[in-house]
Amino acid sequence: MDAAMIEKAANALADKHRMAILMKVARQECICCGEVKDLTCLSQPTVSHHIKILVDSGVLISTKEGRNIQLSINKEMMKHLSMFFLQLS
């Protein structure tokens, strides 16, 4: 994994709302986008923006199931991030 991908993922995680979204997804393994709005108390456009950043960075995976979009952790990306930070210690 190259430095640009690590940087993009780290930047995506550098926000309290996105961290809350990530932690919620991690606890439940998979959530519907609609559940995120209830978690954050943010407007729907703002929630969509945060989700887009997390998906575009590769931290989350979005899967369309009918009319719903399911979010899950990209475990491969998390492994790469973990290995990167372990190298620094």
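Residues numbered from 1 in each chain as written. Predicted model: local features only at pLDDT ≥ 70, side-chain atom pairs only at ≥ 80, totals over all residues. Heavy atoms only, no water.

1. Some words on the pairing of strand S2 (residues 60-65)
No. 1: In the sheet, S2 pairs with strand S3 (residues 68-73) via six bridges, with the strands oriented antiparallel. Across the sheet, residue Glu-65 finds its bridge partner in S3, namely Asn-68.
No. 2: Here S2 folds back onto S3 in antiparallel fashion, the turn holding two residues, of which Gly-66 has a positive phi close to 65°. (Pairing = 2+ DSSP bridges. Helix = DSSP H or I, 4+ residues; strand = E, 2+ residues; numbered from the N terminus.)

2. Points about a nonpolar patch on the surface
No. 1: Judged by side-chain polarity, Phe-84, Phe-85 and Leu-88 come together as a nonpolar surface patch covering roughly 310 Å² of accessible area.
No. 2: Of note, Leu-88 is situated in the segment after helix H5 (75-87). (Patch = residues over 30% accessible without salt bridge, like charges linked within 9 Å, V, L, I, M, F, W, Y side chains within 5 Å. Areas by Shrake-Rupley, 256 points an atom, 1.4 Å probe, with all protein chains shown as cover. Salt bridge = Lys/Arg side-chain N within 4 Å of Asp/Glu carboxyl O.)

3. Observations concerning the packing of aromatic side chains
No. 1: For the structure shown, the criterion picks out one aromatic pair.
No. 2: Ring plane angle 75° and centroid distance 5.2 Å describe the contact between Phe-84 and Phe-85, whose orientation is recorded as edge-to-face.
No. 3: By relative accessible area, which is 46% here, Phe-85 ends up partly exposed. (Phe/Tyr/Trp six-rings, centres within 6.5 Å; stacked < 30°, edge-to-face > 60°. Buried < 20%, exposed > 50% of the residue type's maximum accessible area, 1.4 Å probe, protein only.)

4. A few points about the packing of helix H2 (residues 16-28) against helix H4 (residues 44-56)
No. 1: Running from N to C, H2 and H4 point in directions that differ by 70°, and their axes come no closer than 10 Å. Between H2 and H4, the angle is such that the two are roughly perpendicular. Here H2 and H4 pass one another in a crossing that is right-handed. Residues His-17, Arg-18 and Ile-21 of H2 lie in contact with H4, whose contacting residues are His-50, Ile-53 and Leu-54.
No. 2: Residue composition of the contact of H2 with H4, by class: three nonpolar, two polar and one charged. (Axes fitted to C-alpha atoms, helices over the stretch in contact; angles between N-to-C directions. Parallel < 35°, antiparallel > 145°, perpendicular 65-115°, else oblique. Left-handed = near helix turned anticlockwise from the far one by under 90°. Contact = heavy atoms within 4.5 Å. Nonpolar A, V, L, I, M, F, W, Y, C, P; charged D, E, K, R; others polar.)

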